[in-house]
Amino acid sequence: MSATVSLQQLTDQLEHLEAEAAQAIAAATTATELEDLRVGLLGKKGKLSGVLGAMGKLPGDERPLVGQRANVLKEQVQSLMAERLAAVKGAAMAKRIAAETLDVTAPASFTPPGHRHPLISTTEEIVDIFAGLGYRVSEGPEIETDYYNFSALNIPEHHPARDMQDTFYLGDGRLLRTHTSPVQIRYLETNPPPVRVIAPGRVYRRDAVDATHSPVFHQVEVLAIDEGLDFTHLRGTVTTFLQRFFGDLPVRFRASYFPFTEPSAEVDVQWRGRWLEVMGCGMVDPAVLTGMGLDPERWSGFAAGLGVERFCMVRHGIDDIRRLYTSDQRFLDQF
Ligand code: DAH
């Protein structure tokens, strides 16, 4: 004979179950915990099913009473769960919001973006203008030999430029180039004319530092070799370039002397009422052409060398060349 169950027993069990469920639900802190509880209580194999399984042993007229009580329990548990779930979710959300709070009043940490140094932007501007005139860009080494820096450029043995006063010699016979003109020679070695090339770069001289001198400075070399080039081409090119860079400033050519050009000239622009020298130039000396194996009867050309610092200082109204090298943030921020 199977064990008997009374209505009272089952009702007590349901009562107990409900109290136990209410406690567990109140203690749950996550949605998963609540779901586990729901399955454990109301699921197919849950505790409620367990109690109801015994209902069959009651007399027929008592069963509906147990069923009704079970329905009340079920509804009660479900509503407690819904309530608790809302509370648990709300707490989780509040916690997340607190963790993700952005203090929009906090002072920003600011890293200023970098930008082009004025010497670089000036060089780029010069290069752009010549590129627009059909010139290619080439570069040469800053450590040179006597041949490229001097002799190939027709600079004689006892020329003052070779003096220890002017040139940094490296002891092994090499030297720091004193101008960008050696790139003329290097370029012609590998590029037969016609050529149109510019060479920007750093140059070195044993100069004492003052407002207008620095032992390291920058030049842009210009070289054009072709058939039939004469001084009018030089003059036209230089004038066009200067007008593009400075606008409509008065320009003048002064006769001068460089060993690698004949005739030679220095070019001044009038700026704020003063004549300022901005470059040296001239027709490539036949001796330089011959040295490169070029027939001066067929080929002629012009060359120019300009100081980037001068262009930069005029463009920006800078009074002292040292400002370009001292990396003072307050100065650099203006460009
Ligand atoms: N190399 C010269 C210097 O540094 C500048 C120069 C003058 C370059 C005349 C040239 C030129 O190409 O034709 O003083």
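I will try to describe carefully the structure that is included in this document. (Residues numbered from 1 in each chain as written. Predicted model: local features only at pLDDT ≥ 70, side-chain atom pairs only at ≥ 80, totals over all residues. Heavy atoms only, no water.)

Structural notes on the packing of aromatic side chains
Under the criterion given, the structure shown has 11 aromatic pairs. These aromatic residues form a ring-pair network of at least three members: Phe130, Tyr135, Phe241, Phe245, Phe246 and Phe311. When the ring centre of Tyr148 is taken as reference, the NZ or CZ atom of Arg186 above it lies at 3.8 Å. Taking the ring centre of Phe245 as reference, the NZ or CZ of Arg315 above it sits at 4.2 Å. (Phe/Tyr/Trp six-rings, centres within 6.5 Å; stacked < 30°, edge-to-face > 60°. Lys NZ or Arg CZ within 6 Å of the ring centre and 35° of its normal.)

Here we look at the pairing of strand β6 (residues 251–258)
Relative to strand β7 (residues 261–271), β6 is paired through 7 bridges, and the arrangement is antiparallel. Looking at β7, one finds that Ala255 is bridged to Ala265. Following β6, the chain reverses through 2 residues before pairing antiparallel with β7. (Pairing = 2+ DSSP bridges. Helix = DSSP H or I, 4+ residues; strand = E, 2+ residues; numbered from the N terminus.)

Things to note about the pairing of strand β8 (residues 274–284)
One face of the sheet, then the other: side chains in a regular strand alternate in exactly this way. Across the 11 residues of β8, 8 count as buried, placing the element largely inside the fold. Linking β7 to β8, which pair antiparallel, is a turn of 2 residues; within it Arg272 sits at a positive phi near 50°. Where β8 meets strand β9 (residues 299–307), 5 bridges bridge the pair, whose relative direction is antiparallel. Across the sheet, Cys281 pairs through a bridge with Ala304, a residue of β9. (Buried < 20%, exposed > 50% of the residue type's maximum accessible area, 1.4 Å probe, protein only.)

Notes on the nonpolar core
Residues Ile126, Phe241, Leu242, Met279 and Phe311 are the most contacted members of the largest nonpolar core, which totals 39 residues. When residues of this core are traced back to their parent elements, those giving at least two are α5 (118–132), β5 (216–227), α8 (231–246), β7, β8, β9, α10 (308–316) and α11 (329–332). Those residues within four positions of Ile126 in sequence are excluded, and the remaining contacts are Val220, Phe241, Phe245, Leu306, Val308 and Phe311. (Core = buried A, V, L, I, M, F, W, Y, C linked by side-chain atoms within 4.5 Å. Contact = heavy atoms within 4.5 Å.)

Overview of the pattern of salt bridges
Summed over the entire model, instances satisfying the criterion amount to 21 salt bridges. Note that Glu144 and Arg186 form a salt bridge whose closest N and O atoms lie 2.7 Å from each other. Residue Glu144 is found in strand β2 (residues 143–145), and its partner Arg186 is found in helix α7 (residues 182–190); the two are separated by 42 residues along the sequence. For Asp172, the salt bridge is made with Arg174, and the minimal N-O distance between the two is 3.0 Å. For Arg174, a relative accessible area of 39% corresponds to the partly exposed category. Through salt bridges with shared partners, a single ionic network connects Arg252, Arg254, Glu266, Asp268 and Glu277. (Salt bridge = Lys/Arg side-chain N within 4 Å of Asp/Glu carboxyl O.)

With respect to the sheet that holds strand β1 (residues 136–137)
Ordered by their spatial adjacency, 7 strands build an open sheet running β1-β4-β5-β9-β8-β7-β6, and the pairing between neighbours is mixed. Unpaired on one side and paired on the other, β1 and β6 mark the two borders of the sheet. Of the strand pairs in this sheet, β7 and β8 are connected by 9 bridges, and their pairing is antiparallel. Bridging from a neighbouring strand, Thr261 pairs with Val284 of β8.

Section: the site of the ligand
Looking at the ligand, there are 15 residues lining it, with His179, Ser181, Arg205, Gln219 and Glu221 nearest. Gln184 places a polar side-chain atom, nitrogen or oxygen, 3.2 Å from an oxygen atom of the ligand. Contact between the ligand and Arg205: an oxygen atom at 2.8 Å from a side-chain N or O atom of the residue. When the ligand is considered free in solution it has 360 Å² of accessible area, and contact with the protein chains removes 89% of it. Among the secondary structure elements, those contributing two or more residues to the shell around the ligand are β5, β8 and β9. Looking at the shell around the ligand residue by residue, the class counts come to 5 nonpolar, 8 polar and 2 charged. (Near = heavy atom within 4 Å. Polar contact = N/O pair within 3.5 Å; in protein donor to acceptor, adjacent residues only side chain to side chain. Areas by Shrake-Rupley, 256 points an atom, 1.4 Å probe, with all protein chains shown as cover. Nonpolar A, V, L, I, M, F, W, Y, C, P; charged D, E, K, R; others polar.)

Details of the packing of α5 against α10
Put simply, α5 and α10 touch, their axes get as near as 9 Å, and they point 105° apart. Here α5 lies roughly perpendicular to α10, going by the angle between them. Residues Pro118, Leu119, Thr122, Thr123, Glu125 and Ile126 of α5 touch α10, and the partners they reach there are Val308, Glu309, Phe311, Cys312, Arg315 and His316. Here the contact of α5 with α10 is built from residues that sort into 6 nonpolar, 3 polar and 3 charged. (Axes fitted to C-alpha atoms, helices over the stretch in contact; angles between N-to-C directions. Parallel < 35°, antiparallel > 145°, perpendicular 65-115°, else oblique.)

Quick notes on the environment of Arg235
Among the structural elements, Arg235 can be located in helix α8. Judged by relative accessible area, which is 40%, Arg235 ranks as partly exposed. In this structure, the C-alpha to C-alpha distance between Arg235 and Arg252, residues 17 residues apart in sequence, is 9.9 Å.

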